[in-house]
Amino acid sequence: MKFTLSWLKDHLDTDASVEEITDALTDLGLEVEGVVNPADALKDFKLGYVKHAEKHPDADKLRVCKVDTDEGELQIICGAPNAREGITVVVCKPGMYVPGLDITIGVGKIRGVESFGMMASERELELSDEHDGIIELPSGAVGDRFVDWLAENDPAKVDPVIEIAITPNRPDALGVYGIARDLAARGLGKLKTRAFEAISGDFECPVKVTIDEDTLDGCPLFAGRLIKGVKNGPSPQWLQDRLKAIGLRPISALVDVTNFFTFDQNRPLHVFDAAKVSGGELRVHRAAGGETLKALDEKEYTFGAGQMVISDAKGPESIGGIMGGEETGCTEETVDVFLESAFWDHVQIAMAGRALKINSDARYRFERGVDPEYTIEGLHRATQMILDLCGGKPSEVVIAGDVPDHSRAYKLDADRVQSLVGMEIPESDQRQTLTRLGFRLEGNMAHVPSWRPDVQGEADLVEEVARIASLTKLQGKPLPRLTDGIPKPVMTPQQRRQQMARRTAASLGYNEVVSYSFIDQASAALFGGGDDATMLANPISSEMSHMRPDLLAGLLQAAARNQARGYMDLALFEAGPAFTGGEPGEQVNQIAGLLVGRTGPKDVHGAARAVDLYDAKADIEAVLAAIGAPAKVQVLRDGAAWWHPGRHGRICLGPKKTLGVFGELHPKVLKEMGIKGAAVAFTIWPDEIPLPRKSSATRPALNISDLQAVERDFAFVVDANVEALTLVNAAAGADKTLIEDVRVFDEFIGGSLGEGKKSLAITVRLQPSDQTLKEKDIEAVSEKIIAKVTKATGGTLRG
C-alpha cells in the first residue's frame, strides 16, 4: 500500500515529520517497507542566475555562461538550447552528485574552456523525462535551496511516498483514510472529517440492476446510477500526480476517480459506458460455465460454473468484484456513464480470482474485506467528484439487495488489558482509544465499526487498546514463583529420556536427522503402512502422501540421498513420532538409528570393515542403558517383515513387552529404498520402558557384591537348526537371582556329533549377594541350567 505525505495530510491534520509518521506506523502494526523522499536527492542543489551568456569560441551549439551562485560567480559551459542571459536556473557545483546521470560533477574543460559545474534539466534531477532544455524558474533568489522552491511552488515533485505492508486482517488500512484514522488514534494529529451529503437524482435511472436469488450470498448489495452528459478527458494535475506517485498510470478522469476511491477510501468502484450497455439492465448472476469476456487488461477469460459475473442483454460485461470488461469500458468519447458500487463476499472473490489467475486492486481489497456500509456513501461521494471534474447530470440511485448486517458488540473489560498484555492503561484511555478508532460505546459494550471485520471478540478489543498505546511500553517483569523452594522439573520423564537418547546417539557418532512426518505411499508400505488410515487428505506433494509408520523410512531416504552425492558411510538417527493410524492416540514415539557402509575410512591397517548387526546391538544397548532400561532383558526373534529374518533381535521384557529391535534390514527393503552396501539399524520404543518405582534427583548407591563370583562352562549337543539365542535364554532363566551373565564361547559342527547336530558351549557367571557359594549350591544351579536347556532345546549335555 503506497501513499504520499500530502495525500495523508488531506485526512490528517498533523505537523509530524516523515520519520515520526513512519515510526508510528510500524509501531501500530502497519510495517513501513520503504520511504521514497525526492527531497533527499535534491537537498544540495541551489538556485543561480545567468547574468551573461555568449557563444563558445570553438563550438556553435555551446554557450559560455557566467552564473551568480551563493559562492560567487561560476563559469559554466552549457549546450541546452534555452541557456541564455537573464534566467534563474538550478546549479550543480563540482563535487555534487547528479541522480539522473549517476555521476559526481567535477571541474572539466570543454573545447579548451573550463566549466565549473552544470545547470540541470528535469530529467537530470529525476523530476520528469523532460530534457530538451535546462530548468527555468519564474521566481527565486540566488542561493535559495531548490527543494524549498519546489515545496512552495510545485510540492508534488518533492512529496514523500510511503509504502507499508498490510496484513490480511487489516483491510481498513488499504485506504489512506484508514491509515490516517490509526495515526489520529495514536495522537499524531487530528482526523479530518468531511460532511456527507447524498447527491439527489435529476431523473429516473434508465439502467436497472438485479441480483439473481442464488447470487445474493456472493453479492448482497449492488448499486449504481447514470450520469449523463459527462465530458471525459485527462484528470486534473493533482489527481494525476497522486496516481503516478503510487505507481498507477492516469487514464482518464472517469477511470482515475474510481482508482482514487480505491486507494483513498478502500472502496473499489467501476464505470460502464452506458451507451454500450445493451438491454438497459445489468444483472449480477453466476456463470453457467464456458462464457468468455475480454477484460480491461486486454486478456480473454473463460468463466467456470458458479463464478459471479455482471451481464447485460448480450452477455458478461464485467467479472464481479475483480475487473471490468473492455467492451463497456469508458473512453474519451463516453458521454453517459453508469457508476457502480457493490459489496462482494470475500471468500468467493478470492476463489474466482485464483481460478481465473487475475490480480487487480479491486480483487485485492474485496477478498480481504471492504466496508459494507460505505457502499452507498462511496457511490454518492464518487458521483460528486465526477460532477466536479466531468460535469453532467446524475440520475436517481438504483439498488439491488440490502446492506448486509455485520453489527456486533463485545464487552470491554478494562482489567483484561493487564491480564492479557501486561500493561496498565486507565479505563478512560481505553474508551477514548476505541472511540477514536470508530467503535461506538454503550456502557461496557463496544460496537464494532463496519470497516473492521477482524475484530471478533473481547480479546481483539484489548489488542486494539494495546496497539494504540504502543507495545514498546511493555516492561519485562519476572514471572511469579508458583511454589516455594526448589521448583519441579519442567520436562516430563519421557522428554528427559528422549533428550538423553539424542545425546547418547550423538556421542556414539551418529548425526541427527529431522525429517518430515510424511512419506510416499510406496515407502510407507515397506514398513507396514501406506493404507487409507494414514493417507493425507490434502498432501503437499505425491512424495508426502502418507504419515510415516516407522522412522526408518525417513532415515533410509536420507541415506539414499547422501549416497547419491558420494557419501557412502553414514551413521544417522532420529527421534520422533511414528503413526499407526489417523486418529488421536494412534502414534508412538520412536528412537531409530541407521548405520550404512563401513565402520571408518580405509587405512593401511585394514581396521575398517562393513557394519554388522553387532554394531547396531552395541549402540542400542548403550542408548537403552542411558535412558534407564532394565539391564536384564531377553533377545527374541520374530521382528517385523522389514528386518532380515535371520539377522535381527528383539529386546524384550517378556514375549509381549518389546523395548527395541536391532539387526540387518531386509535386502528387498534396501533395494527398494536405493541403499548401496550393508545397512544395520535399531529402533527403540521409549514409552515401553517402565519408569523407575522411585524417582530421585541423585544417582542411587552403587551396589557391588564383595562375594566371589563363580563361572561354569557347559557344552550342549543340539540339533543344527537350534538357535544359540534359545539356549542362552533358557540358561539365563534357570536362576535369575544368581545368574548374572550367559555367553556363547564356542560352536562345533561335524566330527563324532553326527549329521544334523552341533555343539554349543556357554559360560555361565554366578554372582552371590548374601553368602559365598558352596559346591552343593553350584551343583544345584548347574542341574537347573541343564534341565532348562534340555527342555527348551531338546539337547543333551556333551560328555
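One structure accompanies this document, and this report is about it. (Residues numbered from 1 in each chain as written. Predicted model: local features only at pLDDT ≥ 70, side-chain atom pairs only at ≥ 80, totals over all residues. Heavy atoms only, no water.)

**Comments concerning the overall build of the protein chain**
Next up, step 1: Broken down by element type, the protein chain carries 20 helices and 42 strands.
Next up, step 2: In terms of C-alpha radius of gyration, the protein chain reaches 42 Å, well past the compact-globule figure of 28 Å for 799 residues.
Next up, step 3: Principal-axis analysis of the C-alpha atoms gives the protein chain an extent of 130 × 80 × 60 Å.
Next up, step 4: Within the protein chain, buried positions represent 46% of all 799 residues.
Next up, step 5: Sequence-distant contacts, at least 24 apart, represent 69% of the contacts inside the protein chain between residues at least 6 apart.
Next up, step 6: Counting only carbon and sulfur atoms, one obtains 50% of the accessible surface of the protein chain, whose full area is about 41,000 Å².
Next up, step 7: Of note, the protein chain has its 90 positive side-chain charges centred 7 Å away from the centre of its 118 negative side-chain charges. (Helix = DSSP H or I, 4+ residues; strand = E, 2+ residues; numbered from the N terminus. Rg over C-alpha atoms; globule rule 2.2 N^0.38 Å. Buried < 20%, exposed > 50% of the residue type's maximum accessible area, 1.4 Å probe, protein only. Contact = heavy atoms within 4.5 Å. Areas by Shrake-Rupley, 256 points an atom, 1.4 Å probe, with all protein chains shown as cover. Lys, Arg positive; Asp, Glu negative; His and termini not counted. Charge placed at Lys NZ, Arg CZ, Asp CG, Glu CD.)

**Quick look at the sheet that holds strand S29 (residues 445–447)**
Next up, step 1: Read from one edge to the other, the open sheet built from 3 strands follows the order S27-S29-S28, with strand pairing classed as antiparallel. Strands with a single pairing partner mark the edges of an open sheet, and in this sheet they are strand S27 (409–411) and strand S28 (440–442). Along the sheet, successive strands turn relative to each other by an average axial angle of 25°, direction set aside. (Pairing = 2+ DSSP bridges. Axes fitted to C-alpha atoms, helices over the stretch in contact; angles between N-to-C directions.)

**Here we look at the nonpolar core**
Next up, step 1: By size, the foremost hydrophobic cluster in this structure holds 66 residues, and its most contacted members are Leu-8, Leu-25, Ile-164, Ile-179 and Leu-183.
Next up, step 2: No other element matches the 7 residues that helix H10 (residues 374–390) contributes to this core.
Next up, step 3: Dropping the residues within four chain positions of it, Ile-179 is found in contact with Met-1, Phe-3, Leu-8, Leu-25, Ile-164 and Ala-173.
Next up, step 4: Counting residues in hydrophobic clusters, the runner-up holds 38 residues, among them Val-209, Leu-226, Phe-272 and Met-323. (Core = buried A, V, L, I, M, F, W, Y, C linked by side-chain atoms within 4.5 Å.)

**Regarding the pairing of strand S36 (residues 643–652)**
Next up, step 1: For S36, the buried fraction is high: 7 of the 10 residues fall into the buried class.
Next up, step 2: Bridge count between strand S35 (residues 634–636) and S36: 3 bridges; the pairing is antiparallel. When the sheet's bridge partners are listed, Val-635 is paired in S36 with Ile-651.
Next up, step 3: Here S35 folds back onto S36, and the loop between the two strands holds 6 residues, one of which, Asp-638, carries a positive phi near 45°.
Next up, step 4: Bridging between S36 and strand S37 (residues 658–665) involves 6 bridges; their strand directions are antiparallel. Counterpart to His-648 in the pairing with S37 is Gly-663.
Next up, step 5: The antiparallel hairpin formed by S36 and S37 contains 5 residues in its connecting segment, where Gly-654 sits at a positive phi of about 125°.

**Some details on unusual backbone geometry**
Next up, step 1: With a phi angle near 50°, Arg-111 is a residue other than glycine that sits in the positive phi range.
Next up, step 2: Mapped onto the elements of the fold, Arg-111 is located in the loop between strand S10 (108–110) and strand S11 (113–115).
Next up, step 3: A residue is classified by how much of its surface remains accessible, and Arg-111, at 54% relative accessible area, is exposed.
Next up, step 4: Of note, Ser-470 is a non-glycine position whose phi angle comes to about 90°, a positive value.
Next up, step 5: Checked against the element boundaries, Ser-470 lands in the loop between helix H13 (458–469) and helix H14 (493–507).

**What to know about the packing of H14 against helix H17 (residues 613–626)**
Next up, step 1: Running from N to C, H14 and H17 cross one another at 145°; their axes reach a closest spacing of 9 Å. Where H14 crosses over H17, the handedness of that crossing is right-handed. For the pair H14 and H17, the contacting residues are Met-500, Ala-501 and Thr-504 in the first and Ala-622, Val-623 and Ala-626 in the second.
Next up, step 2: Across the contact of H14 with H17, the residue classes break down as 5 nonpolar, 1 polar and no charged. (Left-handed = near helix turned anticlockwise from the far one by under 90°. Nonpolar A, V, L, I, M, F, W, Y, C, P; charged D, E, K, R; others polar.)

Geometric descriptors of this kind do not, in isolation, establish any biological role.
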